[in-house]
2 protein chains.
Amino acid sequence: MNKDLILRLSKYKRLLSKLKALGLERVFSNNLGDAIGVAPSLVRKDFSMLSLPGNKRGGYDINLLIEKLDIVLGRDKPQEVILAGCGRIGTALMQYEEFRNEGIKIIAGFDIAPENVSKTSGVPIYHIKDMKEFVNKNDTKVGIISVPDSAAASTLDLMIESGIKGILNFATIELRINNKDDLRSKANGCTIHNINICLELEHLFYQVNVLNETTTEEN
Amino acid sequence: MNKDLILRLSKYKRLLSKLKALGLERVFSNNLGDAIGVAPSLVRKDFSMLSLPGNKRGGYDINLLIEKLDIVLGRDKPQEVILAGCGRIGTALMQYEEFRNEGIKIIAGFDIAPENVSKTSGVPIYHIKDMKEFVNKNDTKVGIISVPDSAAASTLDLMIESGIKGILNFATIELRINNKDDLRSKANGCTIHNINICLELEHLFYQVNVLNETTTEEN
């Protein structure tokens with residue numbers, strides 16, 4: 001499955017959970033399409049490809065959809081994350097309420113100076129040198145990097161060495177896995193997503209200052 | 001220009017600034033390609049399309065490249081941003097040091113309860129009802145939304161009504177411009193980028209739990 005499809009499935013899942021909370025039991029492809037901004041035919045195509053059942057008259061059973069999507073998205077397994085770099089962004093993420101709503105849990109924070117990190121989030125904070133042991137013991141697979149740029153590359157190495165397989169990077173240095181790297185064997189199957197807030201803003205400035213386009217919508 | 005090209009140009013710009021700070025004066029397309037993860041031929045194509053000068057023997061003049069890229073990227077104009085929603089993520093962004101390094105400045109924060117927001121960032125905080133007046137007076141074009149999901153849609157309306165043309169949205173609700181909207185005439189030319197941290201993590205979980213792919217790299 002490609003990234004667009006996975007993102008759509010996650011969006012269906014989130015919307016369906018909200019509709020369920022409102023007491024709805026069934027939903028039509030055009031409701032989902034309207035809310036997510038895609039054609040109803042694409043919603044039906046996504047669901048039929050995944051063998052998700054539905055019919056023209058009655059629509060889709062919300063409970064059944066949620067159950068199937070959870071399996072497809074691997075959400076039936078625990079969504080536990082570690083975080084490296086407990087500065088301002090890191091601390092904000094440890095206290096991010098949306099994670100709780102989505103079933104995502106930051107189970108530990110790592111920092112070079114754990115004694116200076118505020119404990120208000122309730123997330124235990126350890127020294128960065130203890131990451132490998134923690135990850136092995138807890139079989140954690142996903143990590144967030146929110147360290148200063150100068151420490152981003154070494155933190156990536158440490159996460160890969162610890163056995164982390166999915167990394168969300170907030171440093172403004174774009175992290176990639178170097179094929180020539182000694183860590184290559186351990187990096188096998190590791191995926192990195194870079195969220196570069198500066199680049200996103202720069203792109204907006206570019207569009208606003210230079211392009212003066214007509215209505216554009218993007219993700 | 002498409003988004004990929006703009007992002008590449010921003011990356012060249014950032015890297016060149018760092019190389020300049022190290023005392024370098026000239027750079028070759030393969031240096032840039034290596035650092036950014038693209039083929040040297042693509043670097044040369046990007047630069048020739050933009051009429052950026054260079055030659056095989058001497059490489060590119062770093063100062064000249066930075067100057068040209070600044071103009072192309074609209075970076076010769078001030079990069080001032082407002083922010084709506086001064087909770088944990090908003091406050092972390094107001095104190096984000098990388099913005100300073102990149103010439104981006106959050107010039108005001110807006111909140112429904114400005115009296116409760118910490119002033120440690122040095123950014124002035126106003127009531128959200130004062131946004132329109134502020135934006136008009138300062139001719140601000142770019143805004144960040146970091147309000148709770150329940151307030152995201154109304155904040156988008158307020159930003160558009162105020163005249164903001166580029167919006168970076170951190171709420172987990174995907175904001176789009178509704179074509180049927182009364183605000184359509186004002187929304188003309190408005191671009192929204194959605195950064196959904198939950199979706200990014202869910203995508204990583206999906207890849208880690210379900211796919212178990214071989215080495216993958218993504219942005």
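Heads up: the structure comes first, above all this text.
Numbers given for residues are sequential positions, taken from 1 along each chain in its written order. Chains and ligands are labelled sequentially in the order written, the chains with letters from A and the ligands with numbers from 1. Local features in a predicted model are, by the rule used here, given only for residues with pLDDT of at least 70; side-chain atom pairs are given and counted only at 80 or more, and totals for whole chains, interfaces and linings are based on all residues. The basis for every side-chain value is the complete set of non-hydrogen atoms in the structure, without hydrogens or water.

On to the environment of Ala153 of chain A, then. The secondary structure listing takes helices from DSSP runs of H or I that are at least 4 residues long and strands from runs of E that are at least 2 residues long, numbered from the N terminus. Along the chain, Ala153 of chain A falls in helix H8 (residues 149-162). C-alpha of Ala153 of chain A to C-alpha of Arg176 of chain A: the two residues are 23 residues apart in sequence and 8.9 Å apart in space.

What follows covers the sheet that holds strand S8 (residues 191-194) of chain A. Residue and element names in this part refer to chain A. Strand order in the open sheet made by the six strands is S5-S4-S3-S6-S7-S8, with parallel pairing throughout. The open sheet is flanked by strand S5 (125-127) and S8, the only strands paired with a single partner. Across the sheet, the axes of successive neighbouring strands diverge by a mean angle of 25 degrees, strand direction being ignored. Bridge count between strand S3 (residues 79-84) and strand S6 (residues 142-145): four bridges; the pairing is parallel. By definition, two strands form a pair when at least two bridges between them are found by DSSP. Working convention: axes come from line fits to C-alpha atoms, limited for helices to the stretch in contact. Angles between N-to-C directions cover 0 to 180 degrees.

Note on the identical chains: chain A maps onto chain B by a rotation of 180 degrees and an axial translation of 0.0 Å, with an RMSD of 0.0 Å. Both copies of the chain, as the preceding transformation shows, are related through a two-fold rotation axis. Of the interface residues in chain A, 100% have counterparts in chain B that sit at the interface too, so the contact is made through matching surfaces. The copies are overlaid by a least-squares fit using only the C-alpha atoms of residues whose pLDDT is at least 70 in both copies. Two residues form a contact once any of their heavy atoms are found within 4.5 Å.

All names here are of chain A. For this analysis, a ring pair means two rings from Phe, Tyr or Trp (six-membered ring only for Trp) whose centres lie within 6.5 Å, classed as stacked if their planes differ by under 30 degrees, edge-to-face if by over 60, and tilted for the remaining angles. Scanning the model with the defined rule gives twelve aromatic pairs over all chains in all. Ring geometry for Tyr126 and Phe134: centres 5.4 Å apart, planes at 40 degrees, overall tilted. Throughout, exposure labels follow a simple rule: accessible area from a 1.4 Å probe, protein chains only, divided by the maximum for the residue type, with under 20% read as buried, over 50% as exposed, and the rest as partly exposed. Judged by relative accessible area, Tyr126 falls into the partly exposed class, the value being 31%. Taken together through their ring pairs, the aromatic side chains of Tyr12, Phe47 and Tyr60 make up a single cluster.

Another aspect to go through is the environment of Met131 of chain A. All names here are of chain A. With respect to the helices and strands, Met131 occurs in helix H7 (residues 131-138). On the basis of relative accessibility, which here comes to 0%, the residue Met131 falls in the buried class. For Met131, the residues in contact, after removing those within four places along its chain, are Ile82, Ala84, Phe110, Leu158, Met159 and Ser162.

On to the pairing of strand S4 (residues 104-111) of chain B, then. Residues and elements named next belong to chain B. Within S4, seven of the eight residues are buried, which leaves it mostly tucked inside the rest of the structure. Bridging between strand S3 (residues 79-84) and S4 involves six bridges; their strand directions are parallel. Across the sheet, Gln79 pairs through a bridge with Ile104, a residue of S4. With three bridges connecting them, S4 and strand S5 (residues 125-127) associate as parallel partners. Among the inter-strand pairings, Gly109 is bridged to a residue of S5, identified as Ile125.

Our focus in this paragraph is the pattern of salt bridges. By definition, a salt bridge exists where a carboxyl oxygen of Asp or Glu is found within 4 Å of a side-chain nitrogen of Lys or Arg. This model, assessed by the stated rule, comprises 16 salt bridges over all chains. For Glu202 of chain A, the salt bridge goes to Arg14 of chain B, with nearest N and O atoms at 3.5 Å. Of this pair, Glu202 of chain A sits in helix H10 (residues 197-211) while Arg14 of chain B sits in helix H1 (residues 3-21), each in a different chain. Two residues, Asp130 of chain B and Lys129 of chain B, come together in a salt bridge whose shortest N-O distance is 3.5 Å. Residue Asp130 of chain B is classed as partly exposed on the basis of its relative accessible area of 28%.

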